[in-house]
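Single-letter residue listing:
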Amino acid sequence: MDIAGFFILGRIVKMEKETFNPFMVVQEQLDECAKIVKLDENIHSILRRPMMEIHVSLPVKMDDGSMKIFQGFRVQYNNALGPTKGGIRFHPDETIDTVRALAAWMTWKCALLNLPLGGGKGGIICNPKTMSPGELERLSRVYIDRIWKYIGPEEDIPAPDVYTTPQIMAWMMDEYSKIAQKNQFGVVTGKPLILGGSPGRDDATARGGLYALKEASDELGLDLSRSTVAIQGYGNAGYHAASLARSMFGCKIIAVSDSRSAVYNKEGLVPEGVLQHKLKTSSVRGFPGTKEITNEDLLELNADILVPAALENVITARNAKNIKAKILVELANGPTTPEADAILFSKGVHVLPDFLCNAGGVTVSYFEMAQNFAMYYWDREEVNKRLAWKMAEAYHSVLHNSKKYRINMRQAAYVVAVSRVGEAMKLRGWV
Ligand code: NAD
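Procedures and definitions
Residues numbered from 1 in each chain as written. Predicted model: local features only at pLDDT ≥ 70, side-chain atom pairs only at ≥ 80, totals over all residues. Heavy atoms only, no water. Helix = DSSP H or I, 4+ residues; strand = E, 2+ residues; numbered from the N terminus. Buried < 20%, exposed > 50% of the residue type's maximum accessible area, 1.4 Å probe, protein only. Core = buried A, V, L, I, M, F, W, Y, C linked by side-chain atoms within 4.5 Å. Contact = heavy atoms within 4.5 Å. Pairing = 2+ DSSP bridges. Axes fitted to C-alpha atoms, helices over the stretch in contact; angles between N-to-C directions. Salt bridge = Lys/Arg side-chain N within 4 Å of Asp/Glu carboxyl O. Near = heavy atom within 4 Å. Polar contact = N/O pair within 3.5 Å; in protein donor to acceptor, adjacent residues only side chain to side chain. Nonpolar A, V, L, I, M, F, W, Y, C, P; charged D, E, K, R; others polar. Parallel < 35°, antiparallel > 145°, perpendicular 65-115°, else oblique.

Trainee: Sorry, what's going on with unusual backbone geometry here?
Mentor: As a rule of thumb, non-glycine residues mostly have phi less than zero, and peptide bonds are mostly trans rather than cis. Residues other than glycine seldom take positive phi values, yet Gln181 does so here, at roughly 60 degrees. For Gln181, the location among the structural elements is in the loop between α6 (166-180) and α7 (204-220). Assessed through its relative accessible area of 73%, Gln181 is described here as exposed.

This is the structure:
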């Protein structure tokens, strides 16, 4: 590389470091959208910050008799369209800015899917991998004891996210119900089926992304039954994406990965076999008949469809030019930096942006709320049918705006979502 190239790359890397804070990325994306739609200045200013933040300290008696104080957050970003909704993460690297960013993305996601909900998110700084079930239960209950005044089926409805499970949702629902002195199943979603969970919530995120992929492949004239797929991350989103892409469309899954390794077989993998192997050995590494590659290699494979389903900021200005996929299915939140977005757009990669692509999860959570309110439960087929309809509608509204304004799919998703939230704020007389 010549000296000039070195400095340009250095600048890009520096810019990306500066934009790594996910909340700054959110604000940058919103500012860009405000220019495109000539957003009212007051609406813009309000939408740049969360409506309300709750910071709590959470004392928990540990199994060894000691007391540990954890830090937790709940951010309610905007409720113009309805009660706020969003998951709770248990993660050692949780920060208030990550929670703010995820709460903003939830606001846009609910608006884009035309759900009568605003956006929120919660988080607790902890390492659940090192905690016993009893410690996790006490932590979950004290979190609800601290925030119960601000949540509820008609105020703010938490859900599972990274490292929070249906069991944790059951404890939180139970604690809230005790305080309310009556069963309040609708206070959280993602509950076990027997406690008011919805059929279809388990694979809803991946399934929703694949319904959007079907619309995109029709638009591009891509035959999914002859398409190859590479998937980064093999948890809830990644595994179900692999399994459903193969069973629903006949796609060939040529590579998958987890935090330890990535594996490749150009003849295709059987997703259920890889899952069994991962459950036995804790990793996809060493799955018979595969070649080991790196997570970075996986992103640049010659696959028709690339599915980031793990982390934020994995497609950056460094590797975007090497992406060969025709369609990017963003099941992870925030996998692509703004600089990479511009490169992908210029290369003609069709991006299904995160808050469109992974909206299946909150959509089925909304169905769960509706079933809890009605005390009447649907079957899986009914849930999937309604989800398919919602995803197709959202995809086409984004595509329409992308063509209308000649902007990329993420900018178009912002245009639809922010315009809806802005209209609600105006009609309510907030500005
Ligand atoms: P998960 O915890 O079930 O799985 C995460 C996977 O990512 C695991 O296989 C893990 O090994 C892998 N991973 C972690 N670090 C990695 C690394 N450095 N390189 C490659 N792989 C790595 O989580 P999930 O629920 O599948 O969520 C994945 C992404 O999807 C997150 O960004 C999450 O916010 C997003 N998402 C999930 C849902 C949902 O309903 N599960 C909904 C919306 C968005």
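Trainee: Teacher, can you tell me more about the nonpolar core here?
Mentor: A general trend in soluble globular proteins is that nonpolar side chains are found buried together. Counting 90 residues, the largest nonpolar core has Trp108, Leu112 and Leu352 as the members making the most contacts within it. With 12 residues, helix α4 (residues 96-112) is the largest single contributor of residues to this core. Not counting chain neighbours up to four residues away, the residues in contact with Leu112 comprise Phe355, Leu356, Ala394, Ser397, Val398, Ala413, Val416, Ala417 and Arg420. Formed by 26 residues, the second largest nonpolar core is a distinct cluster that contains Val60, Leu136, Trp171 and Tyr176.

Trainee: Can you help me understand the sheet that holds strand β10 (residues 305-308) in this one?
Mentor: Each strand in a sheet pairs with another by means of backbone hydrogen bonds, the pair being arranged parallel or else antiparallel. Taken in spatial order, the 7 strands make up an open sheet running β9-β8-β7-β6-β10-β11-β12, and their pairing is mixed. Looking at which strands have only one partner, the edges of the open sheet turn out to be β9 (291-293) and β12 (350-352). The average angle at which neighbouring strand axes cross in this sheet is 20 degrees, direction not considered.

Trainee: Before we go on, may I ask you to explain the pattern of salt bridges in this structure?
Mentor: Enumeration over the complete set of coordinates arrives at 27 salt bridges. For Glu53, the salt bridge identified is with Arg100, shortest N-O distance 2.4 Å. One end of the pair, Glu53, is in strand β1 (residues 52-61); the other, Arg100, is in helix α4, and 47 residues separate them in sequence. Relative accessible area serves as the criterion here: at 26%, Glu53 is assigned to the partly exposed category. One salt bridge connects Asp218 with Lys214, and the closest N-O pair in it is separated by 3.0 Å. Placement of both Asp218 and Lys214 in helix α7 is noted, with a separation of 4 residues, approximately one turn of the helix. Judged by relative accessible area, which is 33%, Lys214 ranks as partly exposed. Residues joined in a network through salt bridges with shared partners are Glu137, Arg141, Asp174, Glu175 and Lys178.

Trainee: Where do I start with the site of the ligand in this structure?
Mentor: Near the ligand lie 19 residues; those nearest to it are Thr205, Tyr234, Asn236, Ala237 and Asn333. Between the ligand and Thr205, the relevant distance is 2.6 Å, taken from an oxygen atom to a side-chain nitrogen or oxygen of the residue. The backbone of Asn236 places a nitrogen or oxygen atom 3.0 Å from an oxygen atom of the ligand. Of the residues that constitute the shell around the ligand, the class distribution is 7 nonpolar, 9 polar and 3 charged.

Trainee: Honestly, the packing of α4 against helix α15 (residues 409-427) in this entry has me stumped. Any pointers?
Mentor: When two helices pack together, their arrangement is given by the angle between their axes and by how far apart the axes lie. At a minimum axis distance of 8 Å, the contact between α4 and α15 shows a crossing angle of 90 degrees. It follows from the interaxial angle that α4 and α15 lie roughly perpendicular. Here Trp105, Thr107, Trp108, Ala111 and Leu112 of α4 lie close against α15, whose contacting residues are Ala413, Tyr414, Val416, Ala417, Val418, Arg420 and Val421.

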